[in-house]
Amino acid sequence: MTINVDPARFTFFEVAPVSPVIGAELSGLKISGDLPDQAIAEVRQALLDYKVVFFRDQNHLTAEQHIAFARRFGELEVHPATPKDQPNREILRITHDENSRGSENMWHSDVTWRPEPSLGSILRAHEIPPAGGDTLFSCMYSAYEALSPAMKEWVCTLTARHDIARVFAKRLKKSPEELHALYPVQEHPVVRTHPETGKRGLYVNGGFTDSIVGLSKKESDWLLEHLYTFAAIPEHQCRFRWAPGSIAFWDNRACQHYAASGYFPQRRVMERVTIAGDRPYFDASK
């Protein structure tokens, strides 16, 4: 599913697509200032068109400005991994070095274990290793369109369970039962209708999806593994090479991402602000 958009329709920045299906760099816009509503509307439209947009040379951005920019797109959420005594708790700081190997190297969409998973995430690079540390993004519209007609029809009828404990029980040093008391296992459609574009995209991921409702474990495991492979197809992807001050803003409703961790034991420091979303649904009429 290639992108068919005229970049000239944007007036506040220039657009350079990164791949035919996903990703674009937006240049000429400093996001630290008090941007007019029309500029924010254009960024939002670019996000819908390209699924992930990138900004370079935003080194001047403060933590408060990072939060303020994200808040222009909706309410913000606080991640349970954020220290309770941290100022600006809307920021999730992700640091990896010789004492902490990166573990985000799996295809996933953020916080699908919430009843209302996030709309999008805005990630800022602070320290980047000399080589490596890229993030890959995969278009879930394209992943869905790549399925066979019979598989498309079937998966649109299915629901999947999403479980925070799959990833965060170990990271937060809590039992699954403790986490489930705070964040119960959620059920979302395997194919999600995007609430703004109306497009269909796969909505299962190797990080948080636990099983398919109504299938045996063997059947569920087989189907999920089959669906996961479509995120890993290069034709559905783009790859972003970070630099200090770079920012990626992605739509968790339309894409998945993978943080390549081959830079260990070098240091990589990122900060993420996440915009709250709505309840996933499937609309057969769209």
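Residues numbered from 1 in each chain as written. Predicted model: local features only at pLDDT ≥ 70, side-chain atom pairs only at ≥ 80, totals over all residues. Heavy atoms only, no water.

**So, the sheet that holds strand β12 (residues 209–212)**
Item 1. Taken together, the 3 strands give an open sheet; going across it, the order is β9-β8-β12, and neighbouring strands pair in antiparallel fashion. Edge strands, defined here as strands with exactly one partner in the open sheet, are β9 (186–189) and β12. Taking the axes of each pair of neighbouring strands and ignoring which way they run, one obtains an average angle of 35 degrees across the sheet.
Item 2. With 3 bridges connecting them, strand β8 (residues 159–162) and β12 associate as antiparallel partners. Counterpart to H162 in the pairing with β12 is T209. (Pairing = 2+ DSSP bridges. Helix = DSSP H or I, 4+ residues; strand = E, 2+ residues; numbered from the N terminus. Axes fitted to C-alpha atoms, helices over the stretch in contact; angles between N-to-C directions.)

**Quick look at the layout of surface pockets**
Item 1. By volume, the largest pocket is sized at about 650 Å³.
Item 2. Forming the walls of the largest pocket are 32 residues, and the residues nearest its centre are L92, I94, E104, F168 and R171.
Item 3. Among the elements that line the lining of the largest pocket, the one with the most residues is strand β5 (residues 91–96), at 6 residues.
Item 4. For the lining of the largest pocket, the per-class residue count stands at 15 nonpolar, 10 polar and 7 charged. (1 Å grid on protein atoms, 1.4 Å probe; cavity = no way out; pocket = protein on both sides within 12 Å on 5 of 7 lines; lining within 4 Å. Points joined across faces, edges and corners; volume = space filled by probe spheres on them. Nonpolar A, V, L, I, M, F, W, Y, C, P; charged D, E, K, R; others polar.)

**Comments concerning helix α2 (residues 63–71)**
Item 1. Of the residues making up α2, those classed as buried are H66, I67, F69 and A70. Take α2 and look down its axis: the buried residues cluster within an arc of 160 degrees, on one side only. (Buried < 20%, exposed > 50% of the residue type's maximum accessible area, 1.4 Å probe, protein only. Arc of directions from axis to C-beta.)

**A short note on the pattern of salt bridges**
Item 1. In this structure the tally under the stated criterion is 20 salt bridges.
Item 2. For E196, the salt bridge is made with R44, and the minimal N-O distance between the two is 3.1 Å. Placement of the pair is E196 in the loop between β10 (191–193) and β11 (200–202) and R44 in helix α1 (residues 37–50), with a sequence separation of 152 residues.
Item 3. A relative accessible area of 35% places E196 in the partly exposed class.
Item 4. Using a relative accessible area of 24% as the deciding quantity, one classes R44 as partly exposed.
Item 5. Here E187 ties to R161 by a salt bridge, and the two come within 3.9 Å at their closest N and O atoms. (Salt bridge = Lys/Arg side-chain N within 4 Å of Asp/Glu carboxyl O.)

**Quick look at the nonpolar core**
Item 1. Of all hydrophobic cores here, the largest spans 29 residues; its most connected members are F13, V43, F55, F69, F249 and I275.
Item 2. Every element with two or more residues in this core is listed here: β2 (24–27), α1, β3 (52–55), α2, β14 (247–251) and β16 (268–275).
Item 3. Counting residues per element, this core draws most heavily on α1, at 6 residues.
Item 4. With residues near it in sequence (within four places) discarded, F55 still touches L26, L29, I31, V43, F69, G245, S246 and I247.
Item 5. Membership of the second largest hydrophobic core comes to 23 residues, among which are L136, A143, Y144 and V191. (Core = buried A, V, L, I, M, F, W, Y, C linked by side-chain atoms within 4.5 Å. Contact = heavy atoms within 4.5 Å.)

**Some thoughts on the packing of aromatic side chains**
Item 1. The final tally for this structure, using the stated rule, is 13 aromatic pairs.
Item 2. Geometrically, the ring pair formed by F73 and F249 is edge-to-face, given 5.0 Å between the ring centres and 70 degrees between the ring planes. Taken together, the residues F73 in the loop between α2 and β4 (76–77) and F249 in strand β14 connect sequence positions 176 residues apart. Both residues of the pair, F73 and F249, belong to the buried class.
Item 3. Summarising the aromatic geometry, the rings of W107 and Y258 are spaced 5.5 Å apart at their centres and angled 50 degrees between planes, so their arrangement reads as tilted. In this pair, W107 sits in the loop between β5 and β6 (120–127) while Y258 sits in strand β15 (residues 255–259), placing the two residues 151 residues apart along the sequence.
Item 4. The class of W107 is buried, set by a relative accessible area of 13%.
Item 5. Here Y258 falls in the partly exposed class, since its relative accessible area comes to 25%.
Item 6. An aromatic cluster of three or more residues is present, and its members are F54, F137, F240, W242 and W250.
Item 7. Here the basic side chain of K152 rests over the ring of Y144, its NZ or CZ set 5.5 Å away from the ring centre.
Item 8. The cationic tip of R171 hangs over the ring face of F168; the distance from NZ or CZ to the ring centre is 5.3 Å. (Phe/Tyr/Trp six-rings, centres within 6.5 Å; stacked < 30°, edge-to-face > 60°. Lys NZ or Arg CZ within 6 Å of the ring centre and 35° of its normal.)

**Focus on the side chain of S138**
Item 1. Within the secondary structure, S138 sits in strand β7 (residues 135–139).
Item 2. A polar atom in the side chain of S138 sits 2.8 Å from the backbone oxygen of A231.
Item 3. Sequence-distant contacts of S138, defined by excluding residues within four places in its chain, comprise I22, W107, F230, A231, H236, Q237, A254, C255 and Q256. (Polar contact = N/O pair within 3.5 Å; in protein donor to acceptor, adjacent residues only side chain to side chain.)

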